[in-house]
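# Chain and residue survey
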Amino acid sequence: MYDPNAHDDSHHGELERTKITEPTPSYRPADNWSPRQVYQPWQAYNQEYKEYYNAPTVGARPSPPQPHNDRVLRSILLTLLCATAFGAMLFGAGWTFGRNSVGTGIPSVQPIAVTSMSEARLKVVSRIQPSMVQINSQQETSNSVGSGVIVDQRGYIVTNNHVISNAQNIRVQLPNGHQTAGQLVGANADYDLAIIKVTTSTPLTPATLGDSSGLQVGQDVLAIGSPLGISKTVTSGIISAVGRTISEGHGVTLHSAIQTDAPINPGNSGGALVDMQGNLVGIPTLTAINPEFNTPANGMGFAIPSNKVKEVMDQYIR
């Protein structure tokens with residue numbers, strides 16, 4: 001039976017209490033002590049037992065960073081930064097539409113950087129329009145209207161041979177609206193191409209010839225000319241086929257012609273078929289006729305490839 005008043009000599013006058021078994025750290029900071037290691041103040045001191053109640057709590061020392069993990073983290077961050085910068089440059093540069101054609105004779109224009117097809121068309125039109133002219137040809141009994149493309153800043157213009165054939169008078173309406181006389185330099189009936197020249201003090205902007213051998217079916221193109229006498233009219237389409245052999249009538253057969261669904265109407269003859277970089281890749285010349293109704297067939301136009309144009313230019317332009 002337990003007697004609370006009984007005296008136990010085995011303890012030699014010491015009171016029972018629970019001992020703190022956790023080692024008590026020295027108050028003196030270690031040699032490698034850092035400001036991050038925080039010592040809590042002592043809670044109490046028992047004079048009788050010469051011991052501290054509640055051992056001080058030492059703040060947890062942060063684990064030093066692992067050098068290998070730090071290098072990996074820096075590498076990942078650097079890679080992400082480079083990828084972000086590269087993506088920003090691509091976005092700022094924008095997207096490039098169309099095939100890069102190689103210039104023949106005249107240096108190729110720089111690729112057009114755009115962010116949408118609509119913007120691409122706008123830039124192509126603004127690039128090619130300063131090179132477009134309207135040609136008014138006066139024959140003995142009739143007048144005809146066609147188109148032409150400035151191919152040399154000295155005043156040389158390419159058009160269809162049938163536009164100026166048998167002309168007694170050729171008038172050229174320049175991009176700024178002024179009219180001047182045109183002089184026939186040479187013609188190639190087999191290619192249905194002709195070169196005329198104007199003399200003017202107005203600075204002229206020549207178009208850039210593209211490489212028509214690189215055209216691909218499905219490629220976007222624009223046709224620009226003066227259909228029905230309405231100058232600088234633009235129509236849009238694709239390359240429907242290449243290497244066509246087409247009869248123009250009157251014994252003229254076009255070889256390696258470009259077929260396009262870009263609308264080509266009377267007056268477009270001699271104009272420009274351009275790719276989405278603004279390069280001249282063909283000269284529109286005719287539209288297929290539907291024999292059932294004897295009317296132009298929709299979406300079946302044909303153009304003379306620019307490489308043929310280059311051959312005629314080399315023949316007559318010195």
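Read on for an overview of the structure.

Criteria and thresholds
Residues numbered from 1 in each chain as written. Predicted model: local features only at pLDDT ≥ 70, side-chain atom pairs only at ≥ 80, totals over all residues. Heavy atoms only, no water. Buried < 20%, exposed > 50% of the residue type's maximum accessible area, 1.4 Å probe, protein only. Helix = DSSP H or I, 4+ residues; strand = E, 2+ residues; numbered from the N terminus. Pairing = 2+ DSSP bridges. 1 Å grid on protein atoms, 1.4 Å probe; cavity = no way out; pocket = protein on both sides within 12 Å on 5 of 7 lines; lining within 4 Å. Points joined across faces, edges and corners; volume = space filled by probe spheres on them. Nonpolar A, V, L, I, M, F, W, Y, C, P; charged D, E, K, R; others polar. Polar contact = N/O pair within 3.5 Å; in protein donor to acceptor, adjacent residues only side chain to side chain. Contact = heavy atoms within 4.5 Å. Phe/Tyr/Trp six-rings, centres within 6.5 Å; stacked < 30°, edge-to-face > 60°. Lys NZ or Arg CZ within 6 Å of the ring centre and 35° of its normal. Axes fitted to C-alpha atoms, helices over the stretch in contact; angles between N-to-C directions.

## Focus on the pairing of strand β15 (residues 280-290)
Burial runs high along β15: 9 of the 11 residues are buried. Here strand β14 (residues 272-275) runs beside β15; their pairing, made up of 2 bridges, is antiparallel. When the sheet's bridge partners are listed, Val274 is paired in β15 with Leu280. Remark: 4 residues form the turn of the hairpin made by β14 and β15, two consecutive strands paired antiparallel; Gly278 in that turn has positive phi of roughly 85 degrees. Across 7 bridges, β15 lies against strand β16 (residues 295-305) in antiparallel orientation. Across the sheet, the residue bridging to Gly282 is Pro305, located in β16. Between β15 and the antiparallel strand that follows it, β16, lie 4 residues; Asn294 among them carries a positive phi value of about 55 degrees.

## Notes on the layout of surface pockets
In this structure, the largest pocket encloses a volume near 540 Å³. If you go around the largest pocket, you meet 25 residues; those closest to its centre are His162, Ser269, Thr285, Leu286 and Thr287. Secondary structure elements with two or more residues in the lining of the largest pocket: α3 (161-164), β12 (233-249), β15 and β16. At 6 residues, the largest contribution of residues to the lining of the largest pocket is made by β16. Each residue belonging to the lining of the largest pocket can be placed in one class, and the counts come to 11 nonpolar, 12 polar and 2 charged.

## Comments concerning the side chain of Asn160
Its location among the elements puts Asn160 in strand β7 (residues 156-160). Residue classification places Asn160 among the buried residues on the basis of a relative accessible area of 0%. A polar contact is formed between the side chain of Asn160 and the backbone oxygen of Asp192, at a distance of 3.0 Å. When near neighbours in sequence (up to four residues on either side) are disregarded, Asn160 contacts Asp192, Leu193, Ala194, Ser269, Gly270, Ile283, Pro284, Thr285 and Ile304.

## Quick word on the packing of aromatic side chains
Under the defined criterion, the tally for this structure stands at 0 aromatic pairs. Over the aromatic face of Tyr156 sits the side chain of Lys197, whose NZ or CZ is 5.5 Å from the ring centroid.

## Focus: the sheet that holds strand β11 (residues 220-225)
A barrel is described by the order of its strands in space; here 6 strands give the closed sequence β11-β12-β13-β16-β15-β14, paired in antiparallel fashion. Along the sheet, successive strands turn relative to each other by an average axial angle of 50 degrees, direction set aside. On the sheet, helix α2 (residues 117-128) packs against β11, β12 and β14 and is oriented at approximately 40 degrees with respect to β11. Set on the sheet, helix α4 (residues 306-316) makes contact with β13 (252-260), β15 and β16; between it and β16 the angle comes to about 50 degrees.

## Section: the pairing of strand β10 (residues 193-198)
The buried fraction of β10 amounts to 5 of the 6 residues, a majority that puts the element mostly inside the structure. Inspection of the sheet shows strand β9 (residues 179-188) paired to β10 by 6 bridges, in the antiparallel sense. Along β10, the bridge assignment pairs Asn188 with Leu193. With antiparallel pairing between neighbouring strands as the criterion, β9 and β10 make up a hairpin whose turn holds 4 residues, including Asp192 at a positive phi of roughly 55 degrees.

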